[in-house]
Amino acid sequence: MNLAATKLAPAARWGHAVFNPQRVALIGASSKSGKLGNLVMHNLVNGFRGELYPIHPSETEILGHRAYPTLRDVAEPMDLALVAVPTGAVLDAIKDCAEAGARSAVILSGGFAEVGEDGRALQDQVSATARAGGVRLIGPNCFGVINAHAGLNASIGIGLPTPGAVSLFTQSGAYGMAAFSRSKAEGIGFAKVIAPGNKADLDETEIVTYLGNDPDTRVVAMLLESIGDGAAFVDAVSAVSALKPVIVLKTGRNKTAQRAAASHTAALADDYRITAAALRQAGVRLVEDGLTLLDLAAALACQPPLRGERVAIVTNSGGTGVELTDLLEDEGLTVPQLSPALQTKIRPSLPAHGSAANPIDVTTDWPRFAQMYGDAVSALMASDEVDAVVPVLLQRSALMPEIAARIVAEHDGARAAGNAKPIHVCWVGPQGSEENRQRLLAAGIPCHPWTARTADVLAKSRARPVHAAPSVGSTLPKPAAADADGWLDPETTFRLLTAAGVTFAPWRIASGASVVDAAAEVGFPCVVKAIRPDLVHKSEAGAVTVGITDGAQARATVCDFETRLGPGPVMVQRQLPTGLELVIGAQRDPRFGPAMLFGLGGIWIEALDDVAVRIAPFTEQEAASMFDDLRGRALLDGVRGRPPVDRTALARLLAALSQWIARAPWLSELDLNPIIAIGSSLSAVDARLKVAQAANVGLER
Ligand code: ADP
Ligand code: MG
């Protein structure tokens, strides 16, 4: 048993009660059509094979099932009680559940925390009652739950999805319904569907752990509006993603909650970036829309993840092949030219004017399509030159059943031989070709509509390496803050960060006439910067003077600062030659812990908005992956005659700082901007560090 499996160990009793109940009660069942309690009753009757107990104050029989006035009137304890009564009657219903020994309840009714303070208070009462009575809750205000394998539709959905391998956790009920329609139209099979609603009790953390343990669930798809306990969720999802793909759509990406930006890091490391970093490092695949969530889940349920970046395309339209190549390359994948040996293998079945280079163009010689597609797919599946095969089926090729049959045969043959190379079809079929598409889907071969969707889903199916967080040493002592907000003075900041592994341009603190000696010590040309309480953006305040070439100029600069900014010390620094200005920042996130940011810095940082975010601590490998996140990463390779930045040294610095930050739970914000990179040298010239005030020391991971 591996570590992840151990973490998942205690099988949730509530999960069995909710998804595989023997006895289900529907509180609020009704025989009147149009009522919620009637719709849910129909859903239950259509498929559920256990005992069903409709609860209604006066009716004695509903849809052929004996009805009871209250749950207390039923002798047997319920595994699952569904609550579909008006808001005001929910608390009593839950009291009945507690009294009658129900093991779980799903509250479909709304009118709770989602409507305001009064609703929240009522919800708190409901959850307290459930907790006291040992009843685990889903909801309130939710779509319900489905176990397609058990025929259980305990939801307000419009039908039972086809059984399959995808489990969907959705904070949007509409996607619960979409599970049904996608399963019918696209053949996507579902295991469990669960909508947690307001999450008064069971939340994403417990539910994802259950799905991780569930053998019917081979892919977990989650639409998350909110994450309660970030650290707990990250731990749970890390364990699950080590066993099966976890795909997350986190909605609410816009920067509505932009913090007052006292540091560049606070301005750029917004909530979504931090959440995304935490989830990616936990092995989650992130998507940005619901259709992709379901399509990627479906693809990963039937095809192995893409391991590598080399894609082979087989098409009967050269133009589409080129278009798909462009789109795949936009996603960071490649369509490499095949070796002469492999081309020689493929060419004999192609017409003279076809291309075996990749994209493989079988041209319009349609009577021989099946053989050409089939032979090419076969050769590509067997070769180690590509990591995925994408047949493009367009118009005439989509209409020919023998092509679909050959692709299915090649696919099945490869799988039988233990070959785990994914096949995804790019489908541009005309009316009348649906039967062939269904045939491919039934064989477990995804058919993505058109080129862009193919490139998108294939790229997102890529397995991303997960680097476990390194262990770090003991907690570092908290330095005394310099001001009321917690900012340290520059000298303390520079000393601390030097101990953490940062190299600064040579510097001295001086005041008055001592600046002359200080300047001589750091060397010319030098930079003189004023140090004053509350002086945040120094250059904007005219508090940075560069290009000082002798002691007299240094002295004059100090006098100028004293006139304009009042008396106070200065920092004298050696002036570095022009280099690439980088930023490293950190800030403690209340949900996920210390978030670190790396990007292209200097004065354009906010405008460029080109940063990578990770949760600390992380390894050098993880740090190196941050470079690929930057749009401007080519700058690291050296442009316009500049030497390339030493990526190894930079990754080492990022990792070292991340591990230092993980040992400094008192650190609330850090800005190193800029770090000037000149070839292999990385020197910081400006740093700000804020310690958390006693009351709000951030959480430690
Ligand atoms: P602030 O960010 O508070 O305005 P900085 O100390 O970062 O002040 O200085 C502003 C800019 O001046 C830096 O982004 C950098 O371009 C330049 N600069 C500052 N110190 C040095 C130095 N020692 N060598 C070279 N350039 C420097
Ligand atoms: Mg600065």
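This one's a predicted model, so the numbers in the text were calculated from it and none came from an experiment. (Residues numbered from 1 in each chain as written. Chains lettered and ligands numbered in written order. Predicted model: local features only at pLDDT ≥ 70, side-chain atom pairs only at ≥ 80, totals over all residues. Heavy atoms only, no water.)

Section: the overall build of the protein chain
Within the protein chain one finds 24 helices and 29 strands. For the protein chain, the C-alpha atoms occupy an extent of roughly 100 × 80 × 45 Å along the three principal directions. Buried residues in the protein chain amount to 55% of all 701 residues. Taking as baseline every contact in the protein chain between residues at least 6 positions apart, the subset at least 24 positions apart corresponds to 70%. As presented, the protein chain carries roughly 28,200 Å² of accessible surface, and 53% of it is formed by carbon and sulfur atoms. Separation of charge centres in the protein chain, based on 63 positive and 72 negative side chains, amounts to 2 Å. (Helix = DSSP H or I, 4+ residues; strand = E, 2+ residues; numbered from the N terminus. Buried < 20%, exposed > 50% of the residue type's maximum accessible area, 1.4 Å probe, protein only. Contact = heavy atoms within 4.5 Å. Areas by Shrake-Rupley, 256 points an atom, 1.4 Å probe, with all protein chains shown as cover. Lys, Arg positive; Asp, Glu negative; His and termini not counted. Charge placed at Lys NZ, Arg CZ, Asp CG, Glu CD.)

Quick notes on the coordination of the magnesium ion (ligand 2)
Octahedral metals with six donors have ideal donor angles of 90 or 180 degrees. Tetrahedral metals with four donors have an ideal donor angle of 109.5 degrees. The protein atoms donating to the magnesium ion (ligand 2) are Asn 673 (O) and Asp 686 (OD), with metal-donor distances spanning 2.2 to 2.3 Å. Within this pair, whereas Asn 673 is found in strand β27 (residues 667-678), its partner Asp 686 is found in the loop between β28 (681-684) and β29 (687-691), the two being separated by 13 residues in sequence. There is no split in this pair, since Asn 673 and Asp 686 are both buried. (Donors = N, O, S within 2.8 Å, 3.2 Å for Na, K, Ca; no water.)

Some details on the sheet that holds strand β23 (residues 570-574)
Working definition: the strands of a sheet are paired by backbone hydrogen bonds and lie parallel or antiparallel to each other. Strand order in the open sheet formed by 4 strands is β20-β23-β21-β22, and the pairing between neighbours is antiparallel. Edge strands, defined here as strands with exactly one partner in the open sheet, are β20 (507-510) and β22 (544-548). This sheet shows a mean twist of 20° between the axes of neighbouring strands, independent of strand direction. As paired strands, β20 and β23 are joined by 4 bridges and run antiparallel to one another. Across the sheet, the residue bridging to Trp 507 is Gln 573, located in β23. (Pairing = 2+ DSSP bridges. Axes fitted to C-alpha atoms, helices over the stretch in contact; angles between N-to-C directions.)

A look at the nonpolar core
Among the nonpolar cores identified, the biggest contains 80 residues, and Leu 44 and Met 222 are the most heavily contacted of them. Here the element with the most residues in this core is helix α11 (residues 290-302); it accounts for 8 residues. Listed in part, the 47 residues of the second largest apolar core include Leu 600, Ala 649, Ala 684 and Val 691. (Core = buried A, V, L, I, M, F, W, Y, C linked by side-chain atoms within 4.5 Å.)

As for the sheet that holds strand β5 (residues 80-83)
As summarised here, the arrangement of the 5 strands in space is β2-β1-β5-β6-β7, forming an open sheet in which the pairing is parallel. Looking at which strands have only one partner, the edges of the open sheet turn out to be β2 (51-55) and β7 (136-138). Each neighbouring strand pair of the sheet contributes to a mean axis angle of 20°, computed without reference to strand direction. Bridge analysis of strand β1 (residues 23-27) against β2 gives 5 bridges, and the strand direction is parallel. For Ala 25, the partnering residue across the bridge sits in β2 and is Tyr 53. Here helix α3 (residues 36-45) sits on the sheet in contact with β1, β2 and β5, set at roughly 165° to β1.

Overview of the site of ligand 1
For ligand 1, the set of nearby residues contains 17 residues, the closest of which are Lys 529, Lys 538, Ser 539, Arg 574 and Glu 581. A distance of 2.9 Å separates an oxygen atom of ligand 1 from a polar side-chain atom of Asp 686. In the complex, 85% of the free accessible area of ligand 1, which totals 540 Å², lies under the protein chains. Residue assignment for the shell around ligand 1 shows that the elements contributing at least two residues are β21 (526-530), β23 and β27. (Near = heavy atom within 4 Å. Polar contact = N/O pair within 3.5 Å; in protein donor to acceptor, adjacent residues only side chain to side chain.)

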